[in-house]
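# Residue-level structure breakdown
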Amino acid sequence: MSALSQLDMTALRLLIAVADCGSISAGASRCHLSVAAASKRISDLEARVGTALLLRHRRGVEPSPAGDIFIAHARRMAALAGVMEEDLRDCAHGVQDRVRIVANSAAILQFLPEDLHGFMQGNPRVRIELEEHTSRSAVEMLQTDRADIGVFDDGYTPGNLHAHAYREDTLVCVMHPRHSLARRKGALPFAQTLAHDHVGLYRGTAILTQMERAAAQAGRALRLRIQVTSFDAVCRMAESGIGVGIVPQRVAQPYAALGRLHLAPLRDAWSKRRLVLGWPQQREPSPGAQGLIGHLLRAAGH
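Let me begin by describing the structure that accompanies this report.

Definitions and limits used
- Residues numbered from 1 in each chain as written.
- Predicted model: local features only at pLDDT ≥ 70, side-chain atom pairs only at ≥ 80, totals over all residues.
- Heavy atoms only, no water.
- Buried < 20%, exposed > 50% of the residue type's maximum accessible area, 1.4 Å probe, protein only.
- Helix = DSSP H or I, 4+ residues; strand = E, 2+ residues; numbered from the N terminus.
- Polar contact = N/O pair within 3.5 Å; in protein donor to acceptor, adjacent residues only side chain to side chain.
- Contact = heavy atoms within 4.5 Å.
- Salt bridge = Lys/Arg side-chain N within 4 Å of Asp/Glu carboxyl O.
- Disulfide = S-S within 2.5 Å.
- Axes fitted to C-alpha atoms, helices over the stretch in contact; angles between N-to-C directions.
- Parallel < 35°, antiparallel > 145°, perpendicular 65-115°, else oblique.
- Left-handed = near helix turned anticlockwise from the far one by under 90°.
- Nonpolar A, V, L, I, M, F, W, Y, C, P; charged D, E, K, R; others polar.
- Core = buried A, V, L, I, M, F, W, Y, C linked by side-chain atoms within 4.5 Å.
- Phe/Tyr/Trp six-rings, centres within 6.5 Å; stacked < 30°, edge-to-face > 60°.
- Lys NZ or Arg CZ within 6 Å of the ring centre and 35° of its normal.

## Considerations on helix H10 (residues 231–239)
- Residues Phe231, Ala233, Val234, Cys235, Ala238 and Glu239 constitute the buried set of H10.
- Positive phi appears at Gly241, one or two residues downstream of H10, with a value of about 95°.

In structure tokens form, the structure reads like this:
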């Protein structure tokens, strides 16, 4: 019998935790074990594989070369075990289907909460797993079978996905109410914002990509004072006076209603965006995914 045929998942998860923490005591605490019990499990594991998996130092531990290899495999095994445990738990609770959705932050903040809630109320045996990603990343996950349904900016729609119009949103420029641009009346050309500092999202997001493209077309530089990871963070930074930002109108409206931000509509055509619902062409959606696709399209009026 192989020395690895009876590996203990608890020991594998402990080793991963110790490697992540750089300390046996910290890894033991994360796994709710005593230090003595954790040390014994790791020693037994090393004896079973016949080599040291950790290098012990006065300041902690680090994986040995063999440990790096072992831990990489252990992470995959732990992830697979976690999925199996989750699937079995779903079966025990009567869940019959699981649908993986990836969506950009605009869809998650503005439309999906109500739409998904309506579906889940009528389909308790379908489990929904929603992850937030950039539009580009969402498309890549659909193409590599890591997601079943995606919601993303239509500028990223490739030819190997089914894609249907889902929702539309409008981008606006947000700023402190006493910002000089707040005195302007009517729609604001994006090019006029380029004389001011901007608060932007991180690289790879559809909105920042469009802002950079529009700045290049205007022959101006986009003065990014700070980059953040969410629309709410853009609004908070703009509210503080750090710079102006570009966000979906529905995200900014609560701030404007409280007098914390001034909203200026943009004159540029690209401020009117279309979000699409996509799924892979190479495989048939599961019954749960088919039901959810139909529900989302109906909720959007399509």
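Picking up where we left off.
## Let's talk about unusual backbone geometry
- For His32, which is not glycine, the phi dihedral falls at a positive 60°.
- If you trace the backbone, His32 turns up in the loop between helix H2 (24–30) and helix H3 (35–49).
- The exposure class assigned to His32 is exposed, which follows from its relative accessible area of 72%.
- Even without a glycine there, the phi angle at Asp145 is positive, about 60°.
- Locating Asp145 in the fold gives a position in the loop between helix H7 (135–143) and strand E5 (149–153).
- For Asp145, a relative accessible area of 41% gives the class partly exposed.

## Observations concerning the side chain of Asp169
- Here Asp169 lies in strand E6 (residues 161–175).
- A relative accessible area of 4% places Asp169 in the buried class.
- Polar contacts involving the side chain of Asp169 include one to the side chain of Gln110, which spans 3.1 Å.
- Residues in contact with Asp169, not counting those within four places in the same chain, are Ala106, Gln110, Phe111, Pro248, Ser271, Lys272 and Arg273.

## Here's the deal with the pattern of salt bridges
- Enumeration over the complete set of coordinates arrives at 20 salt bridges.
- The residue Asp145 makes a salt bridge to Arg283 at a minimum N-O spacing of 2.7 Å. You can see Asp145 sitting in the loop between H7 and E5 and its partner Arg283 sitting in the loop between strand E11 (272–280) and helix H12 (287–299), a full 138 residues away along the chain.
- Residues participating in the shared-partner salt-bridge network are Arg100, Asp145, Asp148 and Arg283.

## With respect to the side chain of Ser105
- The residue Ser105 is located in helix H5 (residues 105–110) in this model.
- Once you skip the residues sitting within four places of it in the chain, Ser105 turns out to touch Glu132, His133 and Phe231.

## Observations regarding the state of the cysteines
- Applying the stated criterion across every chain yields a total of zero disulfides.
- For the unlinked cysteine Cys21, the closest cysteine sulfur is that of Cys31, found at 8.1 Å.
- Cys21 sits in the partly exposed class, given a relative accessible area of 30%.
- Its sulfur unpaired, Cys173 is 11 Å from the next cysteine sulfur, which belongs to Cys235.

## Quick look at the packing of helix H6 (residues 112–122) against H12
- The contact between H6 and H12 brings their axes to 10 Å, and the two run at 130°. By the angle between their axes, H6 is oblique relative to H12. Read as a crossing pair, H6 and H12 show a hand that is right-handed. Contacts between H6 and H12 involve Leu112, Asp115, Leu116, Gly118 and Phe119 from the first element and Gly288, Gly291, Leu292, His295, Leu296 and Ala299 from the second.
- When its residues are assigned to classes, the contact of H6 with H12 shows six nonpolar, four polar and one charged.

## Remarks on the nonpolar core
- Judged by nonpolar contacts, the single largest core of 35 residues is most densely connected at Cys173, Phe190, Ile246 and Val247.
- At the level of elements, E6, strand E7 (198–201), helix H9 (206–217), H10, strand E9 (244–248) and helix H11 (249–257) are the ones that each hand at least two residues to this core.
- Ranked by size, the runner-up nonpolar core spans 23 residues in total, among them Ala107, Leu112, Val126 and Tyr166.

## Some details on the environment of Pro177
- Counting through the fold element by element, Pro177 comes out in the loop between E6 and helix H8 (190–193).
- Taking the C-alpha atoms as reference, Pro177 lies 13 Å from Gly245; in sequence the two are 68 residues apart.
- Once residues lying within four places of it in the same chain are set aside, the contact partners of Pro177 are Ala182, Gly259, Arg260, Leu261 and His262.

## Focus on the packing of aromatic side chains
- On inspection of all chains with the given rule, the structure shows two aromatic pairs.
- Judged by centre distance (6.4 Å) and plane angle (85°), the rings of Phe111 and Tyr166 are edge-to-face. Of the two residues, Phe111 sits in the loop between H5 and H6 while Tyr166 sits in strand E6, which places them 55 residues apart along the sequence. The exposure classification of Phe111 matches that of Tyr166, with both residues buried.
- Summarising the aromatic geometry, the rings of Phe190 and Trp270 are spaced 5.2 Å apart at their centres and angled 80° between planes, so their arrangement reads as edge-to-face. With a gap of 80 residues between them, Phe190 in helix H8 and Trp270 in the loop between strand E10 (262–265) and E11 connect regions that are remote in the sequence. Like Trp270, Phe190 is buried.
- Over the ring of Tyr166 we find Arg167; its NZ or CZ atom is 5.5 Å from the centre of that ring.

The quantities given are spatial measurements derived from coordinates; they are silent on function.
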